[in-house]
Amino acid sequence: MVTFLGALATLIIGYMVYGAIVDRAFGRTGEVAPAIRLEDGVDYIPLPTWKVFLIQLLNIAGLGPIFGALAGALWGPSVYLWIVFGTIFAGGVHDYLSGMISFREDGKSLSEIVGKNLGHIMLQIMRIFSIVLLVLVGVVFMTGPAMLLAKLTSMDVLMWLGIIFIYYTMATLLPIDKIIARFYPLFGICLIVMALGIMGGMLFGVGGHVMPEMTLENLHPKQLPIWPLLFITVACGAVSGFHATQSPIMSRCLNDERMGRPVFYGAMVAEGIIALCWAAAGATFYDGTAGLGAALKEAGPGGVVYEICNGFMGVVGIGGVSIGAVLAMLGVIACPITSGDTAFRSARLTLADWLNIPQKEAPKRLLIAVPMLGIGLVLSQMDFSIIWRYFSWANQTLAMITLWMGAAYLYLHKPGSYAYVVALVPAIFMSAVTTTYLLQAPEGFGLPTNITYPAGIGFAILFTALFVRAYILRKRTL
(Lines give C-alpha, C1' and ligand atoms only; values in the text may rest on other atoms or scores of the structure.)
Protein backbone atom coordinates (compact mmCIF):
# COMPACT_ATOMS: atom_id res chain seq x y z
CA MET A 1 0.00 0.00 0.00
CA VAL A 2 2.84 2.39 0.84
CA THR A 3 4.36 1.82 -2.61
CA PHE A 4 1.07 2.53 -4.37
CA LEU A 5 0.34 5.68 -2.37
CA GLY A 6 3.89 6.91 -2.94
CA ALA A 7 3.53 6.40 -6.69
CA LEU A 8 0.17 8.19 -6.66
CA ALA A 9 1.59 11.15 -4.75
CA THR A 10 4.57 11.35 -7.13
CA LEU A 11 2.25 11.62 -10.12
CA ILE A 12 0.31 14.48 -8.54
CA ILE A 13 3.48 16.30 -7.48
CA GLY A 14 4.90 15.68 -10.96
CA TYR A 15 1.94 17.50 -12.52
CA MET A 16 2.29 20.47 -10.19
CA VAL A 17 6.09 20.78 -10.41
CA TYR A 18 7.39 19.31 -13.66
CA GLY A 19 4.22 20.19 -15.54
CA ALA A 20 4.80 23.82 -14.59
CA ILE A 21 8.45 23.57 -15.72
CA VAL A 22 7.40 22.23 -19.13
CA ASP A 23 4.72 24.90 -19.46
CA ARG A 24 7.24 27.63 -18.63
CA ALA A 25 9.81 26.16 -21.03
CA PHE A 26 7.26 26.30 -23.85
CA GLY A 27 6.15 29.84 -23.02
CA ARG A 28 3.11 31.85 -24.07
CA THR A 29 2.41 34.35 -26.81
CA GLY A 30 -1.05 35.63 -25.84
CA GLU A 31 -2.39 34.94 -29.33
CA VAL A 32 -6.08 34.32 -29.94
CA ALA A 33 -6.90 30.62 -29.99
CA PRO A 34 -7.46 28.87 -33.37
CA ALA A 35 -10.86 27.76 -32.05
CA ILE A 36 -11.89 31.41 -32.02
CA ARG A 37 -9.96 32.79 -35.02
CA LEU A 38 -10.81 29.89 -37.35
CA GLU A 39 -14.18 28.77 -35.98
CA ASP A 40 -15.95 26.75 -38.69
CA GLY A 41 -18.74 25.00 -36.78
CA VAL A 42 -17.27 21.56 -37.51
CA ASP A 43 -13.76 21.02 -36.14
CA TYR A 44 -12.82 24.49 -34.88
CA ILE A 45 -15.31 25.09 -32.09
CA PRO A 46 -14.39 26.72 -28.74
CA LEU A 47 -15.45 24.50 -25.83
CA PRO A 48 -15.26 24.92 -22.03
CA THR A 49 -11.92 23.81 -20.60
CA TRP A 50 -13.45 21.13 -18.35
CA LYS A 51 -15.14 19.59 -21.36
CA VAL A 52 -11.96 19.71 -23.47
CA PHE A 53 -10.08 18.00 -20.62
CA LEU A 54 -12.59 15.14 -20.32
CA ILE A 55 -12.76 14.64 -24.09
CA GLN A 56 -8.96 14.62 -24.30
CA LEU A 57 -8.78 12.08 -21.48
CA LEU A 58 -11.26 9.75 -23.12
CA ASN A 59 -9.65 10.17 -26.56
CA ILE A 60 -6.19 9.20 -25.31
CA ALA A 61 -7.31 6.59 -22.77
CA GLY A 62 -9.81 4.09 -24.10
CA LEU A 63 -8.66 0.65 -22.98
CA GLY A 64 -4.95 1.54 -23.10
CA PRO A 65 -4.40 2.35 -19.41
CA ILE A 66 -6.56 -0.65 -18.43
CA PHE A 67 -5.50 -3.56 -20.67
CA GLY A 68 -1.91 -2.31 -21.06
CA ALA A 69 -1.50 -1.77 -17.32
CA LEU A 70 -2.87 -5.24 -16.52
CA ALA A 71 -0.41 -6.80 -18.96
CA GLY A 72 2.40 -4.67 -17.57
CA ALA A 73 1.56 -5.73 -14.01
CA LEU A 74 2.78 -9.22 -14.90
CA TRP A 75 6.33 -7.93 -14.40
CA GLY A 76 5.47 -6.95 -10.82
CA PRO A 77 5.53 -3.61 -8.96
CA SER A 78 8.42 -2.42 -11.14
CA VAL A 79 5.70 -1.39 -13.59
CA TYR A 80 4.87 1.46 -11.16
CA LEU A 81 8.22 3.09 -11.96
CA TRP A 82 7.53 3.15 -15.69
CA ILE A 83 3.98 4.44 -15.24
CA VAL A 84 5.05 7.20 -12.84
CA PHE A 85 8.28 8.42 -14.41
CA GLY A 86 7.12 7.68 -17.95
CA THR A 87 4.02 9.81 -17.39
CA ILE A 88 5.86 12.73 -15.79
CA PHE A 89 8.96 12.94 -17.97
CA ALA A 90 7.82 11.43 -21.27
CA GLY A 91 4.04 11.10 -21.69
CA GLY A 92 3.11 14.45 -20.16
CA VAL A 93 5.79 16.25 -22.19
CA HIS A 94 4.77 14.37 -25.35
CA ASP A 95 1.07 15.17 -25.02
CA TYR A 96 1.62 18.78 -23.97
CA LEU A 97 4.00 19.58 -26.82
CA SER A 98 1.94 17.85 -29.51
CA GLY A 99 -1.14 19.76 -28.36
CA MET A 100 0.45 23.17 -27.84
CA ILE A 101 2.62 23.14 -30.97
CA SER A 102 -0.53 22.28 -32.93
CA PHE A 103 -2.27 25.16 -31.10
CA ARG A 104 0.51 27.52 -32.26
CA GLU A 105 0.20 26.19 -35.82
CA ASP A 106 -3.53 26.85 -36.18
CA GLY A 107 -4.57 23.36 -35.05
CA LYS A 108 -2.60 21.53 -37.73
CA SER A 109 -2.43 17.74 -37.54
CA LEU A 110 0.61 15.91 -36.22
CA SER A 111 2.14 15.09 -39.60
CA GLU A 112 2.14 18.74 -40.65
CA ILE A 113 3.82 20.05 -37.49
CA VAL A 114 6.37 17.22 -37.60
CA GLY A 115 7.18 18.06 -41.20
CA LYS A 116 7.57 21.75 -40.42
CA ASN A 117 10.10 21.03 -37.67
CA LEU A 118 11.89 17.90 -38.94
CA GLY A 119 11.88 18.51 -42.68
CA HIS A 120 10.13 17.55 -45.93
CA ILE A 121 11.15 13.89 -45.88
CA MET A 122 9.71 13.40 -42.40
CA LEU A 123 6.57 15.23 -43.51
CA GLN A 124 5.89 12.65 -46.21
CA ILE A 125 6.79 9.73 -43.94
CA MET A 126 4.58 11.02 -41.15
CA ARG A 127 1.60 11.64 -43.39
CA ILE A 128 1.55 8.01 -44.43
CA PHE A 129 2.64 6.63 -41.05
CA SER A 130 0.02 8.62 -39.12
CA ILE A 131 -2.86 7.63 -41.37
CA VAL A 132 -1.88 3.94 -41.31
CA LEU A 133 -1.58 3.99 -37.51
CA LEU A 134 -4.87 5.83 -37.04
CA VAL A 135 -6.77 3.43 -39.29
CA LEU A 136 -5.21 0.50 -37.40
CA VAL A 137 -6.35 2.05 -34.10
CA GLY A 138 -9.83 2.50 -35.49
CA VAL A 139 -9.90 -1.11 -36.67
CA VAL A 140 -8.60 -2.47 -33.34
CA PHE A 141 -11.19 -0.46 -31.42
CA MET A 142 -13.91 -1.51 -33.83
CA THR A 143 -13.18 -5.23 -33.74
CA GLY A 144 -12.55 -5.62 -29.98
CA PRO A 145 -15.90 -4.19 -28.76
CA ALA A 146 -17.78 -6.03 -31.55
CA MET A 147 -16.30 -9.35 -30.42
CA LEU A 148 -17.22 -8.66 -26.78
CA LEU A 149 -20.74 -7.49 -27.62
CA ALA A 150 -21.26 -10.64 -29.70
CA LYS A 151 -20.40 -12.76 -26.63
CA LEU A 152 -22.87 -10.84 -24.46
CA THR A 153 -25.78 -10.89 -26.93
CA SER A 154 -27.40 -13.10 -29.52
CA MET A 155 -26.13 -10.92 -32.40
CA ASP A 156 -23.05 -12.01 -34.34
CA VAL A 157 -19.78 -10.08 -34.73
CA LEU A 158 -20.53 -8.84 -38.24
CA MET A 159 -23.80 -7.29 -37.12
CA TRP A 160 -22.07 -5.43 -34.28
CA LEU A 161 -19.27 -4.37 -36.63
CA GLY A 162 -21.90 -2.82 -38.88
CA ILE A 163 -23.50 -0.91 -36.01
CA ILE A 164 -20.17 0.37 -34.71
CA PHE A 165 -19.12 1.28 -38.26
CA ILE A 166 -22.26 3.41 -38.71
CA TYR A 167 -21.53 5.19 -35.43
CA TYR A 168 -17.89 5.76 -36.44
CA THR A 169 -19.06 7.29 -39.69
CA MET A 170 -21.32 9.74 -37.86
CA ALA A 171 -18.69 10.68 -35.26
CA THR A 172 -16.09 11.20 -37.99
CA LEU A 173 -18.27 13.43 -40.12
CA LEU A 174 -20.51 15.40 -37.76
CA PRO A 175 -19.41 18.63 -36.01
CA ILE A 176 -17.46 17.85 -32.84
CA ASP A 177 -20.11 19.40 -30.59
CA LYS A 178 -22.91 17.13 -31.87
CA ILE A 179 -21.78 13.75 -30.50
CA ILE A 180 -18.27 13.89 -29.06
CA ALA A 181 -18.65 17.03 -26.93
CA ARG A 182 -22.06 15.90 -25.67
CA PHE A 183 -21.39 12.33 -24.57
CA TYR A 184 -17.63 11.98 -24.07
CA PRO A 185 -17.46 14.05 -20.86
CA LEU A 186 -19.94 11.62 -19.29
CA PHE A 187 -17.87 8.61 -20.35
CA GLY A 188 -14.72 10.36 -19.16
CA ILE A 189 -16.25 10.82 -15.71
CA CYS A 190 -17.24 7.14 -15.66
CA LEU A 191 -13.64 6.15 -16.51
CA ILE A 192 -12.38 8.21 -13.56
CA VAL A 193 -15.08 6.86 -11.20
CA MET A 194 -14.19 3.30 -12.20
CA ALA A 195 -10.51 3.89 -11.35
CA LEU A 196 -11.37 5.59 -8.06
CA GLY A 197 -13.69 2.72 -7.14
CA ILE A 198 -10.94 0.19 -7.84
CA MET A 199 -8.51 2.27 -5.78
CA GLY A 200 -10.93 2.43 -2.85
CA GLY A 201 -11.50 -1.32 -2.97
CA MET A 202 -7.76 -1.97 -2.79
CA LEU A 203 -7.00 0.57 -0.06
CA PHE A 204 -9.82 -0.65 2.18
CA GLY A 205 -8.95 -4.30 1.62
CA VAL A 206 -12.25 -5.37 0.08
CA GLY A 207 -12.24 -9.15 -0.24
CA GLY A 208 -9.21 -9.49 2.01
CA HIS A 209 -6.74 -8.77 -0.82
CA VAL A 210 -3.37 -7.26 0.12
CA MET A 211 -1.56 -4.85 -2.19
CA PRO A 212 1.99 -5.92 -3.15
CA GLU A 213 4.94 -3.85 -1.95
CA MET A 214 7.77 -2.58 -4.09
CA THR A 215 10.35 -4.92 -5.59
CA LEU A 216 12.48 -4.56 -8.71
CA GLU A 217 12.55 -8.32 -9.20
CA ASN A 218 11.17 -9.57 -12.50
CA LEU A 219 8.00 -11.43 -11.46
CA HIS A 220 6.69 -12.21 -14.95
CA PRO A 221 5.26 -15.77 -14.98
CA LYS A 222 7.12 -16.49 -18.24
CA GLN A 223 10.21 -14.52 -17.18
CA LEU A 224 9.95 -12.27 -20.22
CA PRO A 225 12.59 -9.50 -20.05
CA ILE A 226 11.56 -6.14 -18.67
CA TRP A 227 13.66 -4.31 -21.27
CA PRO A 228 12.22 -3.37 -23.70
CA LEU A 229 8.94 -5.34 -23.47
CA LEU A 230 7.48 -3.49 -20.48
CA PHE A 231 7.99 -0.12 -22.18
CA ILE A 232 6.08 -1.27 -25.25
CA THR A 233 3.35 -3.14 -23.37
CA VAL A 234 2.42 -0.20 -21.12
CA ALA A 235 2.02 2.63 -23.61
CA CYS A 236 -1.10 4.66 -22.91
CA GLY A 237 -0.37 4.70 -19.18
CA ALA A 238 3.12 6.16 -19.66
CA VAL A 239 3.75 7.50 -23.17
CA SER A 240 1.84 6.77 -26.37
CA GLY A 241 2.24 8.10 -29.90
CA PHE A 242 -1.49 7.77 -30.48
CA HIS A 243 -2.01 10.65 -28.05
CA ALA A 244 -0.11 12.99 -30.39
CA THR A 245 -2.72 12.35 -33.08
CA GLN A 246 -5.53 13.22 -30.68
CA SER A 247 -4.10 16.38 -29.10
CA PRO A 248 -4.52 18.42 -32.34
CA ILE A 249 -8.25 17.63 -32.30
CA MET A 250 -8.55 19.38 -28.94
CA SER A 251 -6.13 22.16 -29.91
CA ARG A 252 -8.90 23.23 -32.31
CA CYS A 253 -11.35 23.47 -29.39
CA LEU A 254 -9.13 24.97 -26.66
CA ASN A 255 -10.10 28.62 -26.16
CA ASP A 256 -7.10 29.79 -24.09
CA GLU A 257 -3.42 28.78 -24.30
CA ARG A 258 -3.12 29.07 -20.52
CA MET A 259 -5.25 25.93 -20.27
CA GLY A 260 -2.75 23.85 -22.22
CA ARG A 261 -1.12 22.38 -19.12
CA PRO A 262 -4.31 21.16 -17.38
CA VAL A 263 -5.77 19.83 -20.63
CA PHE A 264 -2.78 18.12 -22.28
CA TYR A 265 -0.28 17.45 -19.50
CA GLY A 266 -3.09 17.05 -16.95
CA ALA A 267 -5.03 14.50 -18.99
CA MET A 268 -1.86 12.43 -19.35
CA VAL A 269 -1.30 12.48 -15.59
CA ALA A 270 -4.92 11.48 -15.05
CA GLU A 271 -4.38 8.57 -17.43
CA GLY A 272 -1.21 7.64 -15.55
CA ILE A 273 -3.23 7.50 -12.33
CA ILE A 274 -5.82 5.27 -14.02
CA ALA A 275 -3.05 2.97 -15.29
CA LEU A 276 -1.47 2.88 -11.82
CA CYS A 277 -4.78 1.81 -10.29
CA TRP A 278 -5.25 -1.00 -12.78
CA ALA A 279 -1.67 -2.25 -12.57
CA ALA A 280 -2.01 -2.46 -8.79
CA ALA A 281 -5.49 -3.97 -9.04
CA GLY A 282 -4.34 -6.82 -11.29
CA ALA A 283 -1.64 -8.08 -8.93
CA THR A 284 -3.73 -7.34 -5.81
CA PHE A 285 -6.98 -9.00 -6.83
CA TYR A 286 -5.30 -12.18 -8.08
CA ASP A 287 -2.78 -12.26 -5.23
CA GLY A 288 0.30 -11.97 -7.40
CA THR A 289 1.51 -12.07 -10.98
CA ALA A 290 1.06 -15.84 -11.33
CA GLY A 291 -2.66 -15.57 -10.56
CA LEU A 292 -3.03 -12.55 -12.82
CA GLY A 293 -1.28 -14.34 -15.68
CA ALA A 294 -3.56 -17.36 -15.33
CA ALA A 295 -6.66 -15.13 -15.26
CA LEU A 296 -5.58 -13.20 -18.36
CA LYS A 297 -4.99 -16.47 -20.20
CA GLU A 298 -8.31 -17.99 -19.16
CA ALA A 299 -10.73 -15.04 -19.19
CA GLY A 300 -8.89 -12.53 -21.38
CA PRO A 301 -8.38 -8.89 -20.41
CA GLY A 302 -12.09 -8.09 -20.75
CA GLY A 303 -13.01 -10.90 -18.37
CA VAL A 304 -10.34 -9.80 -15.90
CA VAL A 305 -11.68 -6.24 -15.91
CA TYR A 306 -15.17 -7.56 -15.22
CA GLU A 307 -13.97 -9.76 -12.33
CA ILE A 308 -11.93 -6.97 -10.73
CA CYS A 309 -14.73 -4.41 -10.97
CA ASN A 310 -17.23 -6.87 -9.56
CA GLY A 311 -14.84 -7.95 -6.82
CA PHE A 312 -13.93 -4.46 -5.63
CA MET A 313 -17.18 -2.63 -6.39
CA GLY A 314 -19.82 -5.34 -6.70
CA VAL A 315 -20.95 -4.82 -3.11
CA VAL A 316 -22.51 -1.53 -4.19
CA GLY A 317 -25.58 -1.80 -6.39
CA ILE A 318 -28.86 -0.27 -7.44
CA GLY A 319 -31.94 -2.42 -7.83
CA GLY A 320 -29.88 -5.59 -7.63
CA VAL A 321 -27.54 -4.46 -10.41
CA SER A 322 -23.85 -4.22 -9.47
CA ILE A 323 -22.32 -0.80 -10.17
CA GLY A 324 -18.99 -2.55 -10.62
CA ALA A 325 -20.40 -4.74 -13.38
CA VAL A 326 -22.00 -1.78 -15.12
CA LEU A 327 -18.79 0.24 -15.03
CA ALA A 328 -16.78 -2.75 -16.22
CA MET A 329 -18.98 -3.20 -19.26
CA LEU A 330 -18.92 0.53 -19.94
CA GLY A 331 -15.14 0.47 -19.69
CA VAL A 332 -14.48 -2.44 -22.03
CA ILE A 333 -17.12 -1.48 -24.59
CA ALA A 334 -17.65 2.29 -24.61
CA CYS A 335 -14.06 3.37 -23.94
CA PRO A 336 -12.46 1.69 -26.95
CA ILE A 337 -15.27 2.85 -29.21
CA THR A 338 -14.72 6.44 -28.13
CA SER A 339 -11.03 6.17 -29.02
CA GLY A 340 -11.70 4.41 -32.30
CA ASP A 341 -14.04 7.04 -33.67
CA THR A 342 -11.65 9.90 -32.90
CA ALA A 343 -8.87 7.88 -34.53
CA PHE A 344 -10.85 7.98 -37.78
CA ARG A 345 -11.70 11.64 -37.20
CA SER A 346 -8.01 12.44 -36.75
CA ALA A 347 -7.20 10.48 -39.92
CA ARG A 348 -9.74 12.61 -41.79
CA LEU A 349 -8.14 15.81 -40.52
CA THR A 350 -4.66 14.51 -41.38
CA LEU A 351 -5.72 13.76 -44.94
CA ALA A 352 -7.51 17.10 -45.21
CA ASP A 353 -4.39 18.99 -44.10
CA TRP A 354 -2.27 16.93 -46.51
CA LEU A 355 -4.54 17.54 -49.51
CA ASN A 356 -5.48 21.07 -48.39
CA ILE A 357 -9.22 20.33 -48.49
CA PRO A 358 -11.33 22.56 -46.19
CA GLN A 359 -13.69 20.52 -44.01
CA LYS A 360 -16.51 22.97 -43.39
CA GLU A 361 -18.69 21.55 -46.17
CA ALA A 362 -20.14 18.05 -45.68
CA PRO A 363 -19.42 16.77 -49.26
CA LYS A 364 -15.70 17.46 -48.78
CA ARG A 365 -15.71 15.57 -45.51
CA LEU A 366 -17.44 12.66 -47.23
CA LEU A 367 -14.87 12.69 -50.02
CA ILE A 368 -12.13 11.88 -47.51
CA ALA A 369 -13.96 9.86 -44.86
CA VAL A 370 -15.90 7.33 -46.93
CA PRO A 371 -12.91 5.63 -48.66
CA MET A 372 -10.92 5.70 -45.41
CA LEU A 373 -13.71 4.14 -43.35
CA GLY A 374 -14.27 1.56 -46.09
CA ILE A 375 -10.62 0.48 -45.85
CA GLY A 376 -11.00 0.24 -42.09
CA LEU A 377 -14.05 -2.00 -42.47
CA VAL A 378 -12.11 -4.34 -44.79
CA LEU A 379 -9.15 -4.49 -42.39
CA SER A 380 -11.51 -5.40 -39.55
CA GLN A 381 -11.73 -8.89 -41.08
CA MET A 382 -8.00 -9.51 -40.48
CA ASP A 383 -6.54 -11.44 -37.54
CA PHE A 384 -6.97 -9.12 -34.55
CA SER A 385 -3.79 -10.31 -32.80
CA ILE A 386 -1.61 -9.57 -35.85
CA ILE A 387 -2.95 -6.01 -36.15
CA TRP A 388 -2.38 -5.40 -32.42
CA ARG A 389 1.23 -6.61 -32.46
CA TYR A 390 2.24 -4.22 -35.21
CA PHE A 391 0.21 -1.40 -33.72
CA SER A 392 2.13 -1.63 -30.42
CA TRP A 393 5.52 -0.98 -32.01
CA ALA A 394 4.18 1.63 -34.44
CA ASN A 395 2.52 3.46 -31.57
CA GLN A 396 5.73 3.86 -29.56
CA THR A 397 7.71 4.74 -32.68
CA LEU A 398 5.29 7.58 -33.29
CA ALA A 399 5.87 8.75 -29.70
CA MET A 400 9.61 8.77 -30.37
CA ILE A 401 9.18 10.87 -33.52
CA THR A 402 6.86 13.30 -31.75
CA LEU A 403 9.38 13.84 -28.95
CA TRP A 404 12.17 14.52 -31.46
CA MET A 405 9.83 17.01 -33.13
CA GLY A 406 9.20 18.68 -29.77
CA ALA A 407 12.93 18.95 -29.11
CA ALA A 408 13.49 20.52 -32.53
CA TYR A 409 10.62 22.98 -32.06
CA LEU A 410 11.85 24.12 -28.66
CA TYR A 411 15.42 24.49 -29.90
CA LEU A 412 14.33 26.59 -32.89
CA HIS A 413 11.79 28.72 -31.05
CA LYS A 414 13.56 29.18 -27.72
CA PRO A 415 17.05 30.30 -28.79
CA GLY A 416 19.67 30.61 -26.09
CA SER A 417 17.82 28.34 -23.66
CA TYR A 418 17.93 24.67 -22.80
CA ALA A 419 14.15 24.25 -23.01
CA TYR A 420 14.58 21.56 -25.68
CA VAL A 421 16.10 19.21 -23.08
CA VAL A 422 12.63 18.42 -21.66
CA ALA A 423 11.83 16.67 -24.96
CA LEU A 424 15.34 15.58 -25.92
CA VAL A 425 15.89 13.23 -22.97
CA PRO A 426 12.67 11.18 -23.39
CA ALA A 427 13.22 11.20 -27.18
CA ILE A 428 16.60 9.51 -26.69
CA PHE A 429 15.08 7.00 -24.26
CA MET A 430 12.19 6.09 -26.57
CA SER A 431 14.62 5.74 -29.48
CA ALA A 432 16.43 3.02 -27.53
CA VAL A 433 13.13 1.35 -26.58
CA THR A 434 11.61 1.21 -30.06
CA THR A 435 14.73 0.17 -31.98
CA THR A 436 15.59 -2.52 -29.42
CA TYR A 437 12.07 -3.91 -29.60
CA LEU A 438 12.03 -3.92 -33.41
CA LEU A 439 15.31 -5.82 -33.52
CA GLN A 440 14.26 -8.28 -30.80
CA ALA A 441 10.52 -8.95 -31.27
CA PRO A 442 9.23 -11.99 -33.21
CA GLU A 443 7.27 -9.65 -35.50
CA GLY A 444 10.51 -7.72 -36.05
CA PHE A 445 13.95 -9.23 -36.72
CA GLY A 446 13.91 -11.74 -33.85
CA LEU A 447 17.56 -11.16 -32.91
CA PRO A 448 19.08 -12.24 -29.56
CA THR A 449 19.49 -9.76 -26.70
CA ASN A 450 23.29 -9.74 -26.91
CA ILE A 451 22.81 -7.99 -30.25
CA THR A 452 19.62 -5.99 -29.66
CA TYR A 453 20.60 -4.34 -26.37
CA PRO A 454 23.83 -2.68 -27.58
CA ALA A 455 22.28 -2.00 -31.00
CA GLY A 456 19.33 -0.17 -29.40
CA ILE A 457 21.71 2.03 -27.42
CA GLY A 458 23.72 2.60 -30.59
CA PHE A 459 20.65 3.77 -32.51
CA ALA A 460 19.74 6.16 -29.68
CA ILE A 461 23.25 7.64 -29.83
CA LEU A 462 23.02 7.88 -33.62
CA PHE A 463 19.69 9.74 -33.51
CA THR A 464 21.10 12.12 -30.90
CA ALA A 465 24.15 12.80 -33.06
CA LEU A 466 21.90 13.51 -36.05
CA PHE A 467 19.85 15.95 -33.97
CA VAL A 468 22.97 17.75 -32.76
CA ARG A 469 24.35 17.93 -36.30
CA ALA A 470 21.06 19.08 -37.86
CA TYR A 471 20.17 21.72 -35.29
CA ILE A 472 22.83 22.69 -32.76
CA LEU A 473 25.97 22.54 -34.92
CA ARG A 474 24.19 23.83 -38.01
CA LYS A 475 22.80 26.85 -36.15
CA ARG A 476 26.22 27.76 -34.81
CA THR A 477 27.60 27.94 -38.36
CA LEU A 478 24.87 30.25 -39.64
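In what follows, the structure referred to is the one given above.
Residues numbered from 1 in each chain as written. Predicted model: local features only at pLDDT ≥ 70, side-chain atom pairs only at ≥ 80, totals over all residues. Heavy atoms only, no water.

Participant: Kindly report on the overall build of the chain, identifying the contributing residues and their values.
Facilitator: Looking only at helices and strands, the chain features 18 helices and 2 strands. Since a compact globule built from 478 residues should have a radius of gyration of about 23 Å, the 21 Å found for the chain is in line with a globular shape. Looking at the chain as a whole, 58% of its 478 residues qualify as buried. Pairs at least 24 residues apart make up 82% of the contacts formed inside the chain by residues separated by at least 6 positions. Total accessible area computed for the chain in this model is approximately 18500 Å², and 71% of it derives from carbon and sulfur atoms. In the chain, which carries 27 positive and 24 negative side-chain charges, the distance between the mean positions of the two groups comes to 9 Å. (Helix = DSSP H or I, 4+ residues; strand = E, 2+ residues; numbered from the N terminus. Rg over C-alpha atoms; globule rule 2.2 N^0.38 Å. Buried < 20%, exposed > 50% of the residue type's maximum accessible area, 1.4 Å probe, protein only. Contact = heavy atoms within 4.5 Å. Areas by Shrake-Rupley, 256 points an atom, 1.4 Å probe, with all protein chains shown as cover. Lys, Arg positive; Asp, Glu negative; His and termini not counted. Charge placed at Lys NZ, Arg CZ, Asp CG, Glu CD.)

Participant: Break down the environment of L58 for me, with residues and values.
Facilitator: As for its placement among the helices and strands, L58 is situated in helix α3 (residues 49-61). According to the relative accessible area criterion, L58 is buried, its value standing at 0%. Between the C-alpha atoms of L58 and T342, which are 284 residues apart in sequence, the distance is 9.8 Å. L58 has contacts with Y184, F187, G188, L191, C335, T338 and S339, leaving out every residue within four places of it along the chain.

Participant: Which residues make up the environment of L403, and what are the values?
Facilitator: Looking at the secondary structure, you find L403 in helix α16 (residues 384-413). Residues contacting L403, with those up to four places away along its chain left out, are A90, V93, H94, A423, P426, A427 and M430.

Participant: Before we move on, can you summarise the packing of aromatic side chains with the specific residues and values?
Facilitator: Applying the stated criterion across every chain yields a total of 20 aromatic pairs. The interplanar angle of 70° and the centroid separation of 4.8 Å between the aromatic rings of W82 and F231 together place this pair among those described as edge-to-face. Highlighted residues: W82 in helix α5 (residues 78-104) and F231 in helix α10 (residues 229-233), separated in sequence by 149 residues. Given the relative accessible area of 12%, F231 is considered buried. Here F231 and F429 contribute two aromatic rings whose centre-to-centre distance is 5.5 Å and whose plane-to-plane angle is 75°, an arrangement assigned as edge-to-face. With F231 in helix α10 and F429 in helix α17 (residues 421-440), the pair connects residues that are 198 residues apart, well separated along the chain. Residue classification places F429 among the partly exposed residues on the basis of a relative accessible area of 32%. Here the aromatic cluster, defined as three or more aromatic residues joined through ring pairs, consists of W404, Y411, Y418, Y420, F467 and Y471. (Phe/Tyr/Trp six-rings, centres within 6.5 Å; stacked < 30°, edge-to-face > 60°.)

Participant: How would you sum up the nonpolar core? Please name residues and give values.
Facilitator: By size, the foremost hydrophobic cluster in this structure holds 153 residues, and its most contacted members are I198, W278, I308 and F467. A per-element tally of this core places helix α12 (residues 260-285) first, with 16 residues. Leaving out residues up to four positions away in the same chain, W278 has contacts with P65, I66, A69, L70, M194, I198, V305, I308 and C309. (Core = buried A, V, L, I, M, F, W, Y, C linked by side-chain atoms within 4.5 Å.)

Participant: How would you sum up the side chain of S251? Please name residues and give values.
Facilitator: Relative to the helices and strands, S251 is located in helix α11 (residues 241-251). In this structure S251 comes out as buried when scored by relative accessible area, which is 0%. Side chain to side chain, S251 and S102 meet in a polar contact 2.8 Å long. Contacts of S251, omitting those with residues within four sequence positions, involve P34, G99, S102, F103, G107 and F264. (Polar contact = N/O pair within 3.5 Å; in protein donor to acceptor, adjacent residues only side chain to side chain.)

Participant: Provide a residue-level description of α3, including the pertinent values.
Facilitator: Between its first and last C-alpha atoms α3 spans 18 Å; for 13 residues at 1.5 Å apiece the expected length is 18 Å, and the two agree. Among the residues of α3, those classed as buried are V52, L54, I55, Q56, L57, L58, N59, I60 and A61. One or two steps after α3, the chain reaches G62, where phi turns positive at roughly 55°. (Expected span 1.5 Å × (residues − 1).)

Participant: Could you give an account of the pattern of salt bridges, with specific residues and numbers?
Facilitator: According to the stated counting rule, one finds 9 salt bridges in the structure shown. A salt bridge links D43 to R348, with the nearest nitrogen and oxygen atoms 2.9 Å apart. Taken together, the residues D43 in the loop between α2 (34-37) and α3 and R348 in helix α14 (residues 323-355) connect sequence positions 305 residues apart. Overall, the relative accessible area of 3% leaves D43 in the buried class. R348 gets classed as buried once you look at its relative accessible area, which sits at 0%. One salt bridge connects E112 with R127, and the closest N-O pair in it is separated by 2.9 Å. In this pair, E112 is assigned in helix α6 (residues 110-118) and R127 in helix α7 (residues 120-152), connecting sequence segments 15 residues apart. Comparing E112 with R127, the two get one shared label, buried. (Salt bridge = Lys/Arg side-chain N within 4 Å of Asp/Glu carboxyl O.)

Participant: Got a sec to walk through the side chain of D341? Specific residues and values, please.
Facilitator: Assignment of secondary structure puts D341 in helix α14. Here D341 is buried and forms no salt bridge, its nearest opposite-charge partner R345 lying at an N-O distance of 8.1 Å. Apart from the residues lying within four places of it in its own chain, the contact partners of D341 are Y167, Y168, A171, T172 and Y184.

Participant: Let's hear about the packing of helix α1 (residues 2-26) against α12: which residues, and what values?
Facilitator: Where α1 contacts α12, the axes come no closer than 10 Å and their chain directions differ by 165°. Our classification of the angle between α1 and α12 gives roughly antiparallel. Crossing geometry of α1 relative to α12 is assigned as right-handed. For the contact of α1 with α12, the per-class residue count stands at 17 nonpolar, 4 polar and 2 charged. (Axes fitted to C-alpha atoms, helices over the stretch in contact; angles between N-to-C directions. Parallel < 35°, antiparallel > 145°, perpendicular 65-115°, else oblique. Left-handed = near helix turned anticlockwise from the far one by under 90°. Nonpolar A, V, L, I, M, F, W, Y, C, P; charged D, E, K, R; others polar.)

Participant: Requested: an account of the packing of α3 against helix α9 (residues 180-203), with residues and values cited.
Facilitator: Running from amino to carboxyl end, α3 crosses α9 at an angle of 70°, the nearest separation of the two axes being 8 Å. By the angle between their directions, the pair α3 and α9 is classed as roughly perpendicular. The handedness of the crossing between α3 and α9 comes out as left-handed. Contacts between α3 and α9 pair W50, K51, L54, I55, L57, L58, N59 and A61 from the former with I180, A181, Y184, P185, F187, G188, I189, L191 and I192 from the latter.

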